[in-house]
Amino acid sequence: MDGCCYASITSSSTILNFQGGSSSTNRRFYRSASGPQFQCFTLANPFLQLKNNFQSTVHRQSSSCLTLRSYKGIISAEADKKGWDFGRFVKTLYFFNGPPSPAKFFDFLVEKLTGPAPSEPVKSMDTSGIVLVAGATGGVGRRVVDVLRKKGLPVKVLVRNAEKAKRMLGPDVDMIVGDITKASTLLPEYFKGVKKVVNAVSVIVGPKEGDTPERAKYSQGIKFFEPEIKGDSPEMVEYIGMKNLINAIKESVAQRNGKLVFGFDGDSSRDLPWGALDDVVMGGVSESTFCIDPTGGENGKPTGLFTGRVSTSNNGGFTSIRTKNFTIPEDVSAYDGFELRIKGDGRRYKLIVRTSRDWDTVGYTSGFDTVEGWQWVRVPFSSLRPIFRARTVQDAAPFDPSQIISLQLMFSKFEYDGKLNPTFVEGPFQLPVSIIRAYIKEPITPRFIHVGSAGVTRVERPGLDLSKQPPAVRMNKELGSILTFKLKGEDLIRESGIPYTIIRPCALTEEPAGADLVVEQGDNITGKISREEVALICVAALESSNACDKTFEVKSVIPFSEPFTVDPENPPPKKDYDMYFSTLKDGITGKEALEKSPVPV
């Protein structure tokens, strides 16, 4: 054949056989390590018009062959072009396991990096997420489900009894059947897509002497019957169960400090398989590398280092580093974007995120500017633009942050849709990158709402008059240390790193919502509050940054001795719960009074 180059790829080496010709279009054959057949694809003129006397420059097919390991030469180009390093090209190609389609890949290589600007807006990203309600068949949980549905939010429930859940919540309820006391029933994959959690699970307390079929005594509240634990112990439900639930949802629900994807963040570190992907794949001569500099980061700590030299020779003009495809897609759907800790140089770079395993595919791309010195750069997912061959793809699927397959950092002359990088200059550059992690945008709202109980810090509190305390405080030990384990469960939430709100209602009733409220901190109040009101508070807290990482107690102003009713013709006005949340302070839990008097278990 005229103008053909043969490359026989084996598992141990790559054999290159070249044969030139007079054709103005040069062809190259290659065979993958597993494939028995050679394939032919075309390299068009713009980058690789090799000399017509190419056959005198390299060996004919019948001549002795060179292996890739020993081949160090540069393929010569036309007089006005710089030499092209074919060996580096092949090395780049096979670092990334080769493209799935050679013909498609080399069409990409010769595509011009210009095009018309888009005339239509890019599709927006779907940012919806599921709210999980644990304990959804309980008195508070089922009301939370009802409030969420009325707001049009997607809901999933975690229940032990599927048939009971269908009877109470409807046959089409989206559910996970599991038991928080049994970790084996709470596999993390069950919780995929869950972004927020309302936990209304509680140990069951009932009358010793039994109850009516309608649970009339239970509905009156613990104040009016002699209680005992029914079913699993407080330790199993409130402590071990909490630990199991947090472990099950922690990969789906966002952490306040983000999710480390690459780099060195405090005591945590994570490496990725980065490789250089420069304009050598298009006939250019730019070159970059990536390495870990063990002392090049801030305060002498480790950092990744993206460095190289960029040139516009041979119509090139970009360098980049790209990861190999992840074996398991990275799921950062609980977050709002990526943030990078970098040492800038005043230039503009790109972050490219891919959600497909194909080589030549849409890259969701955003440029970011840098200044001199160490800085944080944030790339919101909403800013990622679907780019294919330097052009915006108007009908691309919305970015899916649960299916990230690879990352790429690039310094390029080109932006997209014909635009150029205003900070581009040829020559050497370096970009230290110490951290890439997913982040939650400000203001941060709670991801985990927990319905606990007032009184959890009062057990054996010095100087406390137990005669004035609720039965659970007086009978903590008789009830299996119920409040002690509730407090230990709270501590697991506070230590989890998940943005949270802990709501400690006083005695729960079946009365309607609507009474005026008392919201305090420090675990001192007693009283009653309706389950319906608590459900409304839970859902309001999900949307309030003022409630984030706060612990508080709540009751109504109505005393136990007075029933509370609502006139359907004249219902009370809806409350602005954020007005209450705005008064809350950080770090107040009621444990302050116990610091000198630890509670025994």
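Along each chain, the written sequence defines residue order, and numbers are assigned to residues from 1. Owing to the predicted nature of the model, reporting of local features is limited to residues with pLDDT of at least 70; listing and counting of side-chain atom pairs is limited to 80 or more, with chain, interface and lining totals taken over all residues. Processing note: side-chain calculations cover all non-hydrogen atoms of the structure and skip hydrogens and water entirely.

(A) Just the overall build of the protein, in detail. The way it works is that DSSP assigns letters per residue, a run of H or I at least four long becomes a helix, a run of E at least two long becomes a strand, and they are numbered from the N terminus. From N to C terminus, the protein includes twelve helices and 31 strands. Residues count as neighbours in contact if any of their non-hydrogen atoms are within 4.5 Å of one another. Relative to all contacts within the protein whose residues are 6 or more apart in sequence, the contacts with residues 24 or more apart total 73%. Per-residue accessibility takes into account occlusion by the displayed protein chains alone, with areas from the Shrake-Rupley method and a 1.4 Å probe. Of the roughly 27,600 Å² that the protein leaves accessible, carbon and sulfur atoms contribute 50%.

(B) Seen up close, the packing of helix α8 (residues 234-249) against helix α10 (residues 482-495). Here the axes come from fitting lines to C-alpha atoms, over the contacting stretch only for helices, and the angles between their N-to-C directions go from 0 to 180 degrees. At their nearest, the axes of α8 and α10 sit 7 Å apart, and the two run at 10 degrees to each other. Overall, the two elements α8 and α10 adopt an arrangement that is roughly parallel. For the pair α8 and α10, the contacting residues are Pro234, Glu235, Glu238, Tyr239, Met242, Lys243 and Ile246 in the first and Ile482, Phe485, Lys486, Lys488, Gly489, Leu492 and Ile493 in the second. Each residue is assigned to one of three groups, with Ala, Val, Leu, Ile, Met, Phe, Trp, Tyr, Cys and Pro labelled nonpolar, Asp, Glu, Lys and Arg labelled charged, and all others, Gly among them, labelled polar. Per-class residue counts for the contact of α8 with α10 are eight nonpolar, one polar and five charged. Roughly parallel here means an angle under 35 degrees, roughly antiparallel means over 145, roughly perpendicular means 65 to 115, and every remaining angle is called oblique.

(C) Up close: the nonpolar core. Core analysis: the largest hydrophobic core is formed by 41 residues, its most contacted members being Phe338, Leu340, Phe368 and Leu407. Contributing elements (two or more residues each) for this core: β12 (259-265), β16 (303-310), β18 (337-344), β19 (348-354), β20 (363-369), β21 (373-380), β24 (406-412) and β25 (427-439). Per-element tally for this core: the top contributor is β25, with five residues. The nonpolar core is taken to be a set of buried Ala, Val, Leu, Ile, Met, Phe, Trp, Tyr and Cys residues, with the residues joined through side-chain atoms within 4.5 Å. When accessible area is computed with a 1.4 Å probe and restricted to protein chains, residues below 20% of their type maximum are described as buried, those above 50% as exposed, and intermediate ones as partly exposed. The next biggest cluster of nonpolar side chains, apart from the first, holds 37 residues, and it includes Val140, Val157, Val198 and Leu542.

(D) View of α10. By definition here, a helix of n residues has an expected span of 1.5 Å times n minus one. Compared with an ideal rise of 1.5 Å per residue, which puts 14 residues at 20 Å, α10 spans 20 Å between its outermost C-alpha atoms and is within 8% of the ideal. The buried fraction of α10 is high, at eleven of 14 residues. Ile482, Leu483, Thr484, Phe485, Lys486, Leu487, Gly489, Glu490, Asp491, Leu492 and Ile493 are the residues of α10 that are buried. Considering only its buried residues, α10 is in contact with β10 (204-207), β11 (227-230), α8, β26 (448-451), α9 (471-474) and β27 (500-505). Immediately beyond the C-terminal end of α10, within one or two residues, lies Gly497, with a positive phi of roughly 85 degrees.

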